[in-house]
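Residues per chain are reported as follows:
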Number of protein chains: 2
Amino acid sequence: MTTLDQKIEQYAELAVTVGVNIQKDQTLVLNAPVASADFVRLVAKKAYEQGAKNVHVEWHDDDLTRIRYDMAPLESFHEFPEWKARGFEEMAENGAAYMTIKATDPDLLSGVDGEKIAAANKASGQAMNTFRTYIQSDKVSWLVISAPSQAWAEKVFPEAKGEEAMNKLWEAILETVRVNTEDPVAEWKQHDENLQTKARFLTEKNYTKLHFQAPGTDLEIELPDNHIWIGGGGPNKDGVHFVANMPTEEVFTAPKADGVNGTVSNTKPLNYGGNLIDNFTLTFKDGKVVDFKAEQGEETLKNLLDSDEGAKRLGEVALVPHGSPISQSGILFYNTLYDENASNHIALGSAYPTNLKGGADMNKEELEQAGLNVSITHVDFMIGSGDMNIDGVKADGSTEPVFRNGEWAV
Amino acid sequence: MTTLDQKIEQYAELAVTVGVNIQKDQTLVLNAPVASADFVRLVAKKAYEQGAKNVHVEWHDDDLTRIRYDMAPLESFHEFPEWKARGFEEMAENGAAYMTIKATDPDLLSGVDGEKIAAANKASGQAMNTFRTYIQSDKVSWLVISAPSQAWAEKVFPEAKGEEAMNKLWEAILETVRVNTEDPVAEWKQHDENLQTKARFLTEKNYTKLHFQAPGTDLEIELPDNHIWIGGGGPNKDGVHFVANMPTEEVFTAPKADGVNGTVSNTKPLNYGGNLIDNFTLTFKDGKVVDFKAEQGEETLKNLLDSDEGAKRLGEVALVPHGSPISQSGILFYNTLYDENASNHIALGSAYPTNLKGGADMNKEELEQAGLNVSITHVDFMIGSGDMNIDGVKADGSTEPVFRNGEWAV
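Predicted model only: the values in this text are computed from it and were never measured.

*Asks:* What is the right way to read the packing of aromatic side chains from this model?
*Replies:* The description of an aromatic ring pair uses the distance of the two centres, along with the angle that the planes make with each other. The tally for this structure, following the rule as stated, stands at 27 aromatic pairs over all chains. Look at A:Tyr98 and A:Phe131: their rings are 4.7 Å apart centre to centre, the planes differ by 55 degrees, and that puts the pair in the tilted class. Of this pair, A:Tyr98 sits in strand 3 (residues 97-102) while A:Phe131 sits in helix 6 (residues 129-136), placing them 33 residues apart in sequence. What makes A:Phe131 buried here is its relative accessible area of 10%. The ring of B:Trp408 is capped by B:Lys198, whose NZ or CZ atom sits 4.6 Å from the centre of that ring.

Right under this line is the structure:
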């Protein structure tokens, strides 16, 4: 019988070896909340065991974030420390690997002045733009994982409290990342290979368009010439294989920035910067959102769409069968990392250059020229359900089923 | 009856208002351990209440520091993130105030490879050199305080454990910073004025030399022309009054870098980067350490002296009566902030430019020319006791008693 502590240690090891796949003498940069200090120390130990030269931790704290939003003046949020953004770029240029541990309370920013949030997101988006292009083009190995925080755990399991809720969320997370299997590393290698195979299949299909149909959704998404579907891990610019999300159940590609038409409705709430947006509908014309409404968080949605021009267009379309383990768990995590892997989803904002042949070496103008969306933001939201059908349209205009009733039809 | 929580809150307020004396729309930069997160949040709230624009926290973690020293390769310690040093400079140039919260386990680095520690201190010393000159010349407001950590508290109160030890150390700290009085702010203003008065008196005396005599100590320290004694708070370059240490019981000035002769023995252990050096003696000739021995930590002492040329010379001489409250508490804090305020002390390494008339506007060469020591390090150690006598030598060669039996004689 493996104890929870042992499983958490396996998880830390999986993140370091299979996730960022740390190399000897490499620096690991960890973004983590102070409340996850125990887990951070565990990850650091595993990284050093693998030969890491240094583990640099950039800490943050939910409570301080909230205190700042409540008490600091608006002008404070228009500023972002440029030197820190330069530091992230510099470490990336020197070949560091990046791991982010997300544990944010989904309700952290509820009730906070939306203008402050929008200003903060814009300031960090602009300052961190170069670093984000490094991440999105897989210049470096990177990984996003989560660890429970008490507030988040109590949100997901409202009937539990304190340590009980934390332990339940740990178990749920460990289940999604396959640590509850006999050989998690072997499981991950098989799973990774399956996703890569599915992605290659779709890339070869070379659909010109996908047509999504479900209650509240009738959306056509054109795909650019030379688009690539990605699933599972892939190589960074030095050829080191890494897996950027744990869990990951999706295969995804880039939409054509001016080729999205129709209406789409979300099927799970979107947690944006700590605020929930739910029961919302977006209407697109020639790629751009021309109408929107939301029963919850409409103001937040408006701020998101106003981040910049690219925030009104799509940058990702991702396919996840409704029968995926996370979906079947029935747990709403209020955390995109899990919820997006339970459902077909699309993203407002920038596209991944790696979703285009040669895209990783293109600059902003070349990517736009090739049909990809460029933005300071990238926000996923969930549109999948057991009622969703997706057709693939081929170059000759013929269609074939890709999804039926929320499951792969290919 | 004031509860411990209420007193801790008063302490946070005292640090923000009397210590760094935060101004409206100013940024507060906090250096703090993740283990002190609760206290950090309290300080942040007090800063925002006073109108701070932003509170930027640079976190660190004792456990991660130790994991790194134990597991990372030596070459890792020759590097320091230059971008972070530039960030500290940039925030200072934009007028930020700096507060450091020290809570380090005194035994944190015991048994760690001294070469790693020396490399790390040298790398950070060099990278942070410009920022240190900003601090040492009072370009910005700055403050060093402490908060208990469990390991430190159990070291100071070995008979107690866990929360009991933490609470005992909190009470001891709060006592030293006068929070246990009816009106801590008024107490501080009076105390600050007393120290300033004593400093003005010594500056006017304009001694050319101090002669220290005690068991194991017979040391002559020349003072440079135009030296200034400092005690209590003072103005930053914008004229804002701040108090750099809480507690503070000392008045101090700069020695003449080439004018120190004789032998000195420590009276309390020196905690250098987490390693203790104790029962040590230094012999000076023309300002430079020409011989040294230590019963404990001799290797650490050697590494300290080898940091650079200036590490072998004195940069500070400070007077504290043996009857000071911290001395009388009889508590050995294993933390220079407290222990130096219990005892006469001197420091190896750089002198404070503010201890020289016009020094804050001088560059490194001008300071050296004026007789001040320059170094990448500054390490205080305690030499005072109830047996110490100090004579002041005037320009005409006459002497007068400054200290007798550890107490002020003037």
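Following the structure, the description resumes.
*Asks:* For this particular structure, what's the right way to read the interface of chain B and chain A?
*Replies:* When the parts come together, some accessible area is lost, and that loss is often what is quoted as the size of the interface. Taken together, the contact pairs 32 residues of chain B with 32 residues of chain A. A buried area of about 3000 Å², summed over both sides, lies between chain B and chain A, and 68% of it is on carbon and sulfur atoms. Three residues stand out in chain B for area buried against chain A, namely B:Arg41, B:Lys53 and B:Trp83, and they jointly supply 25% of the buried area on that side. At the boundary of chain B with chain A, the tally comes to eight salt bridges. Two residues, A:Glu58 and B:Lys84, come together in a salt bridge whose shortest N-O distance is 3.9 Å. Summed over the shared surface of chain B and chain A, the number is 10 residue pairs in polar contact (both at pLDDT 80 or more).

*Asks:* Sorry, what's going on with the environment of B:Gln150 here?
*Replies:* Residue and element names in this part refer to chain B. As for its position among the elements, Gln150 is in helix 7 (residues 150-156). It is 9.5 Å that separates the C-alpha atoms of Gln150 and Glu164, two residues lying 14 residues apart in sequence. Setting aside its immediate chain neighbours within four residues, Gln150 contacts Gly162 and Met166.

*Asks:* When you look at the sheet that holds strand 7 (residues 230-231) of chain B in this model, what are you seeing that I'm missing?
*Replies:* In sheet architecture, strand pairing relies on hydrogen bonds along the backbone and comes in two forms, parallel and antiparallel. Residue and element names in this part refer to chain B. Read from one edge of the open sheet, five strands run 7-10-15-16-17, paired in antiparallel fashion. Sheet topology places strand 7 and strand 17 (378-382) at the edges, where each strand pairs with a single neighbour. Looking at chain direction, strand 16 (residues 345-349) and strand 17 are connected through five bridges and run antiparallel. Pairing of Gly349 across the sheet is with His378, part of strand 17.

*Asks:* Looking at this structure, I do not really get helix 2 (residues 37-49) of chain A. What am I missing?
*Replies:* For an α-helix, 3.6 residues make a turn, and residues three or four places apart therefore share a direction. Residues and elements named next belong to chain A. The terminal C-alpha atoms of helix 2 lie 18 Å apart, and with 13 residues this matches the ideal 18 Å at 1.5 Å per residue to within 8%. Along helix 2, the positions that sit buried rather than exposed are Ala37, Phe39, Val40, Arg41, Val43, Ala44, Lys46, Ala47 and Tyr48. Of the residues one or two after helix 2, Gly51 is the one with positive phi, at around 100 degrees.

Each value, and the rule that gives it
Residues numbered from 1 in each chain as written. Chains lettered and ligands numbered in written order. Predicted model: local features only at pLDDT ≥ 70, side-chain atom pairs only at ≥ 80, totals over all residues. Heavy atoms only, no water. Phe/Tyr/Trp six-rings, centres within 6.5 Å; stacked < 30°, edge-to-face > 60°. Helix = DSSP H or I, 4+ residues; strand = E, 2+ residues; numbered from the N terminus. Buried < 20%, exposed > 50% of the residue type's maximum accessible area, 1.4 Å probe, protein only. Lys NZ or Arg CZ within 6 Å of the ring centre and 35° of its normal. Contact = heavy atoms within 4.5 Å. Buried area = accessible area lost by both parts, 1.4 Å probe. Salt bridge = Lys/Arg side-chain N within 4 Å of Asp/Glu carboxyl O. Polar contact = N/O pair within 3.5 Å; in protein donor to acceptor, adjacent residues only side chain to side chain. Pairing = 2+ DSSP bridges. Expected span 1.5 Å × (residues − 1).

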